[in-house]
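# A look at the structure
Given next are the chains, with one letter for each unit.
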Amino acid sequence: MATIKIKQIKSKIGAPIDQKRTLQSLGLRKISQVVEREDSPEVRGMIRKVHHLVTVVE
């Protein structure tokens, strides 16, 4: 199945706890960290929830 690369571009400091947990479940811990996840509706939903903190890398 296809994969998607996600990069954290902003700090999670000051974000609500649910957004911090979403970043943690995506596997993101540091700014500029890139993780590769399976492209699924669940992952797309998590990206949408924290869209202001992450970007999708091609």
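Scroll up to find the structure.
The structure reproduced in this document is the subject of the present report. Just so it is clear, the model here is predicted, and its values are computed rather than measured.

### Topic: the nonpolar core
- By size, the foremost hydrophobic cluster in this structure holds 12 residues: I4, I6, A15, L23, L26, L28, V35, V43, I47, V50, L53 and V54.
- Secondary structure elements with two or more residues in this core: β1 (3–8), α1 (17–26) and α2 (41–49).
- Look past the residues within four positions of I6 in its chain and what remains in contact with it is L26, L28, Q33, V34, V35, R37, V43, I47, V54 and T55.

### What to know about the environment of E42
- If you trace the backbone, E42 turns up in helix α2.
- When its relative accessible area of 55% is taken as the criterion, E42 is described as exposed.

### Focus on the side chain of Q19
- Assignment of secondary structure puts Q19 in helix α1.
- The exposure class of Q19 is buried, given its relative accessible area of 15%.
- Aside from chain neighbours lying at most four places away, what touches Q19 is K49, V50, H52 and L53.

### Considerations on the pattern of salt bridges
- Summed over all chains, the structure comprises two salt bridges.
- In this structure, K49 and D18 form a salt bridge, with 3.1 Å as the shortest nitrogen-oxygen distance. Taken together, the residues K49 in helix α2 and D18 in helix α1 connect sequence positions 31 residues apart.
- A relative accessible area of 34% places D18 in the partly exposed class.
- In this structure, the salt-bridge partner of D39 is R44, at a minimum N-O distance of 2.8 Å.
- Judged by its relative accessible area of 38%, R44 is partly exposed.

Conventions we followed
- Residues numbered from 1 in each chain as written.
- Predicted model: local features only at pLDDT ≥ 70, side-chain atom pairs only at ≥ 80, totals over all residues.
- Heavy atoms only, no water.
- Core = buried A, V, L, I, M, F, W, Y, C linked by side-chain atoms within 4.5 Å.
- Buried < 20%, exposed > 50% of the residue type's maximum accessible area, 1.4 Å probe, protein only.
- Helix = DSSP H or I, 4+ residues; strand = E, 2+ residues; numbered from the N terminus.
- Contact = heavy atoms within 4.5 Å.
- Salt bridge = Lys/Arg side-chain N within 4 Å of Asp/Glu carboxyl O.

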